[in-house]
Amino acid sequence: MTTSVQFRGVTKRFGSAEALSALDLKVEPGEFVSLLGPSGSGKSTTLGLLAGLIEADEGEILIGDRIVNDIGPEGRDIAMVFQNYALYPHMTVFENLAFPLRARGRRRPESEIESRIAAVAHALGLPDLLHRYPRELSGGQQQRVALGRAMIREPKVFLLDEPLSNLDARLRIRMRHDIKALHAAIGSTIIYVTHDQAEALSMSSRIAIFDKGKLQQYASPFEIYNRPANIFVANFVGERETLFLDGAIATDPALCFRCRDEALAIRPGATNLGAVAGRPLKLGLRTEAVELVPADAPAAFPVTVSQIELAGPDIIVYATTGTGIELCCRVPANRPIARGDRLHAALVPEALHLFDPETGAAIALPALENSQGRREPAAAAFAYKDAVQRTA
Amino acid sequence: MALPETADYWGSRPPQPLVMPRRRRPLLSADEIRAYGFVAPLVVLEILFVVTPLVIGFYYSLHRVDYFELTSFRGFDNYWRVLTSPMVLASLAATAIFAIGALILTLSVGLSLALYLEQDTRWNIFARAAALVPYVISMLVGSLLLRWIFSTDSGLVAAALGPFGLGDTTILADPTAAMGALIFNAGWRDSAFAMILLLAGLKSIPPQLHAAARVDGASAWYRFRHVTLPLMRIPILIAVVRLLIHFVNVLTFALVLTGGGPNGATQTMGLAMYRLGFLDARIGEANALAILVFLFNIVLIAINVVLFSERRRAAP
Amino acid sequence: MRPDSPGKAAIPLWKRRQRMRALVRRAINLAIALVALFPILWGLSTSFKTTPELATFPPTLLPAHPTLEHYALLFRTGIERYMLNSVFLSAATVIGCLAFGSLAAYAMARVKFRGGNTLLLVIVALMSIPLPSLLVPTFTFLAQLGLLDSLTGLALLYIAYQLPIAVWVLYGYFLTIPIELEHAARVDGYSRFATLRKVILPLSGPGLVAAGLFVVTFAWNDFVVAVAMTSSDAVRTLPVAIYGYLGFYGREWGPLTASAILSTIPVIVVFIVFQRFFLGGMTSGGVKS
Ligand SMILES: Nc1ncnc2c1ncn2[C@@H]1O[C@H](COP(=O)(O)OP(=O)(O)OP(=O)(O)O)[C@@H](O)[C@H]1O
Ligand SMILES: [Mg+2]
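Residues numbered from 1 in each chain as written. Chains lettered and ligands numbered in written order. Predicted model: local features only at pLDDT ≥ 70, side-chain atom pairs only at ≥ 80, totals over all residues. Heavy atoms only, no water.

- As recorded in an unreviewed UniProt entry, chain C goes by Carbohydrate ABC transporter membrane protein 2 (CUT1 family) and comes from Chelatococcus asaccharovorans.
- Its UniProt record, at the heading Subcellular location (unreviewed entry), says of chain C: "Cell membrane". (UniProt positions renumbered as here; feature names shortened; annotations may be inferred.)

- Quoted verbatim from the Subcellular location (unreviewed entry) field of the UniProt record, the comment on chain A reads "Cell inner membrane".
- Under the Sequence similarities (unreviewed entry) heading, UniProt states for chain A: "Belongs to the ABC transporter superfamily."

### Notes on the site of ligand 1
Residue and element names in this part refer to chain A.
And then number 1: Close to ligand 1 lie F14, A19, P38, S39, G40, S41, G42, K43, S44, T45, E162 and H195.
And then number 2: Between G40 and ligand 1, the recorded distance is 2.7 Å, taken from a backbone N or O atom to an oxygen atom.
And then number 3: Backbone polar atom of S41 to an oxygen atom of ligand 1: 3.1 Å apart, as the coordinates give it.
And then number 4: Expressed as a share of its isolated accessible area of 630 Å², the protein-covered part of ligand 1 is 56%.
And then number 5: Here the shell around ligand 1 gets three residues from one element, more than from any other, and that element is helix 1 (residues 43–51).
And then number 6: Residue classes in the shell around ligand 1 are distributed as three nonpolar, seven polar and two charged. (Near = heavy atom within 4 Å. Polar contact = N/O pair within 3.5 Å; in protein donor to acceptor, adjacent residues only side chain to side chain. Areas by Shrake-Rupley, 256 points an atom, 1.4 Å probe, with all protein chains shown as cover. Helix = DSSP H or I, 4+ residues; strand = E, 2+ residues; numbered from the N terminus. Nonpolar A, V, L, I, M, F, W, Y, C, P; charged D, E, K, R; others polar.)

### Remarks on the interface of chain B and chain C
And then number 1: Counting residues at the interface gives 90 residues for chain B, matched by 94 residues for chain C.
And then number 2: Between chain B and chain C, the buried area comes to about 8400 Å², and carbon and sulfur atoms account for 76% of it.
And then number 3: Sorting the residues of chain B by area buried against chain C places F38, F49 and W148 of chain B first, and these three jointly supply 10% of that buried surface.
And then number 4: At the boundary of chain B and chain C, one finds two salt bridges.
And then number 5: Ionic pairing is found between E32 of chain B and R114 of chain C, a salt bridge with its closest N-O pair at 2.9 Å.
And then number 6: Ranked by residue count, the leading element in the side of chain B that touches chain C is helix 1 (residues 30–61) of chain B, at 21 residues.
And then number 7: In terms of residue class, the side of chain B that touches chain C is made up of 65 nonpolar, 16 polar and nine charged. (Contact = heavy atoms within 4.5 Å. Buried area = accessible area lost by both parts, 1.4 Å probe. Salt bridge = Lys/Arg side-chain N within 4 Å of Asp/Glu carboxyl O.)

Below, the structure is given as C-alpha cells:
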C-alpha cells in the first residue's frame with residue numbers, strides 16, 4: 001500500500017506571482033519527506049497540487065506512474081491532514097471517520113466501516129470519543145481524529161500540512177513520535193509540511209527545503225544540516241542564526257580565515273581548505289564551528305566574552321574578536337566563564353560552510369588524499385571538540 | 001528504510017531532464033465546466049426573465065401595437081409620442097419632486113437613526129427592529145394603512161389638526177399635501193433601509209479613530225464632520241444611489257396612497273408607465289417609456305456597481 | 001468617584017445624571033418605535049372596531065367593543081384561497097431560489113472560472129434593477145410565452161427576480177466556511193456537488209435562513225408583479241386581493257384593515273423570530289429596496 005510521487009517541472013502561478021517554479025521532486029515509495037521552508041515559500045501549494053486542490057499551470061504530477069494532472073482530488077486516492085484539522089463540525093467523531101468510506105465510488109458496507117473505525121479508534125486511543133462532536137474535543141483529540149480520518153482509508157499517500165502547529169510544545173513532541181510510529185506501522189508514503197525544522201529533522205527520511213517557490217535542497221536530514229547547499233539553507237536550518245563573514249582562506253603563515261583585517265585561526269583538521277585559499281568567499285559559522293581553546297593552542301585568536309546565555313546543559317558564549325566580529329559558541333555549563341573574560345578561540349575546519357559570495361551556492365572542497373575524516377566530518381569535529389573541552 | 005543514493009554530492013540538484021516536460025492546462029478544466037453547470041440555472045433564468053423581456057420590449061417599442069398585435073413599424077415614433085405626451089411630462093415633474101423630497105427625508109432620517117442607534121444596546125436593537133417593520137411588511141399594506149390614516153374617514157388628521165383650526169384639511173385632496181403624504185410614506189418605509197446601509201458603514205469605522213479624536217479633545221460635531229463623514233463617503237453614496245433607483249421607479253406608494261391624484265399631482269413615472277401599459281393598453285408606447293426609464297436606471301445601476309467594487313477594494 | 005456634597009441625597013450627582021440620560025434615551029427609542037409602528041397598530045385597532053364605531057368622531061384609540069366581524073367577512077368571501085396562493089408561491093420561490101442559488105453561489109465562492117468576477121458584478125447590477133421598470137416588457141413577453149395569468153409564470157418570475165439576492169447572501173456565507181473543510185471532503189472522495197450537499201449546505205443554516213427570508217418576504221409581499229401578470233380570481237395572491245378590496249370596499253375600512261393585518265402578521269412573526277438573520281443578511285449588502 002505505498003507508491004511513489006513525482007513532480008516534473010511543475011509551475012504554479014497566482015496571477016503573475018509564481019508560487020512554485022519548475023519543481024522537480026521525486027518521493028520514493030514509503031518515504032517520509034518533509035517540505036520545509038519559511039511562510040509563503042510554496043509548501044502548501046506543493047501539497048495542494050499533489051492533492052488536486054490546485055491545478056498546475058505547467059509540468060506533470062505523477063502518483064505511482066500515473067499522470068494525475070487532470071484527475072480531481074476525489075480520484076487520487078490520497079489522504080490529507082490539515083493544520084486546523086478540518087473536522088466536519090456537524091458530524092460526530094464516528095461520522096467524521098466514516099465519511100471517507102461512504103464516498104461514492106469507494107463506498108464500503110456499513111459492517112466493514114464499523115470494524116475499521118473500531119480498529120482506528122483503538123489505535124489512536126479514541127474509542128470513548130466516537131459519539132462526541134469535534135467542538136467537544138481537546139486540540140490533541142481533534143488532531144487524533146484528523147489523523148484517524150486520513151488513516152482509515154489506508155491510502156497510498158498521506159499528506160500532512162503543518163498538522164502539529166496548533167498543539168502545545170509537549171504534545172507536539174509526543175505526536176511527532178506517534179506519527180513516526182504510524183509511518184513505521186503502515187508504510188505509506190508520507191509528505192509532511194512544516195516550518196518547524198526540529199520536526200523535519202527528527203522525522204523525515206528526506207527534507208525538501210523551499211524558498212520563494214523554489215526548491216533549494218532535497219536531501220537527508222544529515223546532509224541538510226551538515227552540508228547545506230546554499231546560504232539560504234545554511235541560514236534556515238540550525239537553532240540560531242548562522243553568522244556569515246566575507247573573506248578568504250589564507251594559508252600563510254598558518255591556516256586562517258581573513259576577514260576585516262583580521263585572521264581567524266583555523267585549527268588543523270582533516271579538510272582540504274587550503275585548496276580554495278585566496279578565493280573570495282562567504283563563510284557560514286554555526287555555534288559548533290567555533291570553540292574555545294587554551295591560549296597556547298597551536299591555532300588561536302583572542303576574544304572577549306560579551307554575553308552568556310544558558311541553553312539546557314550548555315551555555316552559549318558570545319565572544320567578540322579584536323575587530324568586533326561577534327562569534328558564538330557552545331560550552332558545557334559547568335565551565336566558569338563570565339562576561340568580560342578574555343579567552344582564545346579557534347575555528348573548527350570540519351564545521352565550516354563555504355559559499356560563493358556571488359551565487360550563494362556551497363563551494364565543494366576537492367577531496368583530500370588519504371583522508372578518512374571526510375566521510376563523517378561532523379563526527380570528527382565533535383570528537384575533536386570533546387577532546388579540546390576536556391583539556392581546557 | 002534505505003535512503004536512495006543521491007548521485008550528487010550535495011544531494012540537492014535532481015537530475016535535469018534534457019527537455020523540460022510541459023503540460024499546459026487545457027482551455028477549460030473539468031472543474032470549470034462543472035462551475036458553468038452550477039451557474040447555468042441562474043444565468044438562464046436571468047437571461048430569460050430579465051434580459052429577453054427588455055429585448056422584446058425594445059422591439060415592441062418600435063411598433064404600433066394593438067392588443068399585442070404588432071400592426072406596423074413605427075421607428076422611434078413611440079419614443080417621440082411618449083416624450084411629448086403631457087401626461088408623461090407631468091409625471092416626470094412629479095417624479096423629480098417626489099424622488100428628491102423622499103431622498104432628502106429618507107437619508108437624513110436614516111443617517112440620524114444610524115448615528116443615534118449605532119451602539120448594540122438592547123434598547124437600540126429594539127428600536128432598530130421596530131423601525132425596520134415598515135420596511136419588511138408589504139409595501140402595498142403599508143401604503144394602505146397610511147391611506148387610512150390620512151383619509152378624512154379616519155378622523156385622525158382632523159382630530160390632530162383641529163386644535164390649530166385646520167380641522168377640515170383634506171390631505172389627499174390637496175396637491176401639495178398629497179405629495180407631502182407620498183414623501184412621508186417613502187420616508188416611513190425606507191428610512192430604516194437607509195439606516196441599515198449606513199449602520200454597516202458606521203460599524204466598519206475603527207473605534208480607535210473616534211477614541212483618538214476624543215482624547216485629542218474633538219467635539220462630537222467635529223468628530224462627525226472630520227472622522228465619520230469622510231469615512232462614510234461610499235456607504236452614503238451607495239445609499240443615495242439605491243434609494244434614488246427605488247424612488248424613481250416605485251409605483252406602489254402612489255398607486256395605493258393617492259392613486260396618482262389629485263388631478264395627476266402625484267402620478268410618478270412608475271405609475272404613468274403602469275397606466276399606459278395596463279389600463280390604456282398602449283403597449284408600444286408603454287414599452288418605449290419602459291426602455292427610456294431603463295436607460296436612465298442603467299446609469300444609476302452602473303454607478304452602484306462601481307461604488308460596490310470600490311467598497312470591496314477598500315475592505316475586501 | 002468624588003462623593004457629592006454632604007447633606008444631599010445619597011446618590012451622587014454624576015450617577016443621577018447618568019440615569020437621567022439613560023431614561024431620556026429610552027424615551028427617544030420608544031418614540032422611534034412608536035412612529036414606525038403606529039400605522040400598523042392603528043390598523044390593528046381599526047380592524048377590531050365595529051362599523052358604527054369607525055364612524056365616530058373624534059376617533060377612539062382602542063375598540064370599545066372588539067369584534068371579529070371584518071375578519072369573518074373576509075373569510076366568508078374566500079380570502080383563504082388568496083392566502084393559499086401566496087403560500088404556494090412563497091414556497092415555490094424559496095425552494096427554487098435556494099436550490100439554484102446555492103449551486104451558483106457555491107461555484108462562485110469556491111471554483112475559479114472565467115467570468116466569475118464579471119458574474120458577481122452582474123449580480124450586483126441585477127439586484128438593483130427596479131421591478132416596476134420591467135413590468136411592461138415582461139408582460140409583453142409572458143403574453144407570448146403563454147405564461148400570463150398563471151402561478152407557474154409568476155413563480156418563475158419571482159425566482160428570477162430573487163435569485164441574485166439569494167446568490168449574493170449565500171455567496172457571502174459560503175466564503176465564511178473554512179476552505180479546509182471543503183478540501184478535506186474533496187480529498188475524502190467527494191465530488192463538488194456531493195461536497196456542497198454533504199458538507200457546505202449542512203453548515204450553512206444561517207446563510208440559507210437569511211437568503212430564504214429575503215425571498216419569502218418578497219414573494220409574500222409582492223404586489224406590482226402579481227397585479228401586472230395575473231388577472232383571474234383563481235391565481236390571485238393576497239396582496240392583489242387586498243388591492244382589489246380597496247376598489248370593492250372603497251371606504252369600508254374595517255375589512256380593508258383586517259386584510260392588511262392578515263397579510264402583515266405572518267411577516268412580523270417571521271421577522272421577530274428570525275430578526276438576527278435578517279440583519280445579518282442585510283448588513284452583508286444584500287438589500288433590495
Ligand atoms: N489562493 C491563492 N491566491 C493567491 N496567492 C496564493 C494563493 N495561495 C497561495 N498563494 C501565494 O503563493 C505563495 C505560496 O503560498 P503557500 O501557501 O504555498 O506557502 P506556504 O509555504 O504553505 O506558507 P505557510 O507556511 O505560511 O503555510 C505565497 O506567496 C502565497 O501568498
Ligand atoms: Mg501553508
